[in-house]
Amino acid sequence: MDGLIAYLSSHHIALALTIAAAVLIAYFIFKRLIKLALFCFLVALGVAGYFYLKQPGRTWKDVSQALQKTKTQTEKVVETGKKTYEKGKEVYEKGKKFSDSVDSLIGKDKEKRPEAE
């Protein structure tokens, strides 16, 4: 490995070719993702251009209103998710207690239950 690094540091053309090959490999790996991102960007740009040409004065007001609405709705979704998580935790604890009480009624020992280590 040290020999490869020494060779690449002393031969700049080989280093450039290695970097170019790595970039080319990465491009082919992420080609579909890049195409999708470019397509989404172009669609968004086209929609924004359409609305700008349709009503130039209102576009920035509409964008700022949409961003504000998105922010408030995102905050609501996050709060709902937190409440749902807490409720799920409570239900899990109740189920665990219920399972333990059923096990004690049946007569299963806790020692027989495998514990996670």
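About the thresholds
- Residues numbered from 1 in each chain as written.
- Predicted model: local features only at pLDDT ≥ 70, side-chain atom pairs only at ≥ 80, totals over all residues.
- Heavy atoms only, no water.
- Helix = DSSP H or I, 4+ residues; strand = E, 2+ residues; numbered from the N terminus.
- Buried < 20%, exposed > 50% of the residue type's maximum accessible area, 1.4 Å probe, protein only.
- Areas by Shrake-Rupley, 256 points an atom, 1.4 Å probe, with all protein chains shown as cover.
- Patch = residues over 30% accessible without salt bridge, like charges linked within 9 Å, V, L, I, M, F, W, Y side chains within 5 Å.
- Salt bridge = Lys/Arg side-chain N within 4 Å of Asp/Glu carboxyl O.
- pLDDT = per-residue confidence, 0-100.
- Axes fitted to C-alpha atoms, helices over the stretch in contact; angles between N-to-C directions.
- Parallel < 35°, antiparallel > 145°, perpendicular 65-115°, else oblique.
- Contact = heavy atoms within 4.5 Å.
- Nonpolar A, V, L, I, M, F, W, Y, C, P; charged D, E, K, R; others polar.

### Some thoughts on the overall build of the protein
Link 1 in the chain: In terms of helices and strands, the protein carries four helices and zero strands.
Link 2 in the chain: When its helices and strands are written in sequence order, the protein yields α-α-α-α.
Link 3 in the chain: When each of the 117 residues of the protein is scored for burial, the buried share is 3%.
Link 4 in the chain: Here the protein displays about 11100 Å² of accessible surface, and carbon together with sulfur accounts for 68% of that area.

### Examining a nonpolar patch on the surface
Link 1 in the chain: A cluster of nonpolar side chains, contributed by Leu24, Ile25, Tyr27, Phe28, Ile29, Phe30, Leu33 and Ile34, occupies part of the molecular surface with about 840 Å² of accessible area.
Link 2 in the chain: Elements supplying a minimum of two residues to the nonpolar patch: α2 (12-29) and α3 (31-54).

### Focus on the confidence of the model for the protein
Link 1 in the chain: With 90% of its residues at a pLDDT of at least 70, the protein reaches an overall mean of 83.
Link 2 in the chain: Here helix α1 (residues 2-10) is the element of the protein with the lowest mean pLDDT, 82, and α2 is the one with the highest, 88.

### Some remarks on the packing of α1 against α2
When two helices pack together, their arrangement is given by the angle between the helix axes and the distance between those axes.
Link 1 in the chain: Viewed as axis vectors pointing N to C, α1 and α2 meet at an angle of 105°, and their least axial separation amounts to 5 Å. By the angle between their directions, the pair α1 and α2 is classed as roughly perpendicular. Together, Tyr7, Leu8, Ser9 and Ser10 of α1 and His12, Ala14, Leu15 and Thr18 of α2 make up the contact between the two elements.
Link 2 in the chain: Each residue belonging to the contact of α1 with α2 can be placed in one class, and the counts come to four nonpolar, four polar and no charged.

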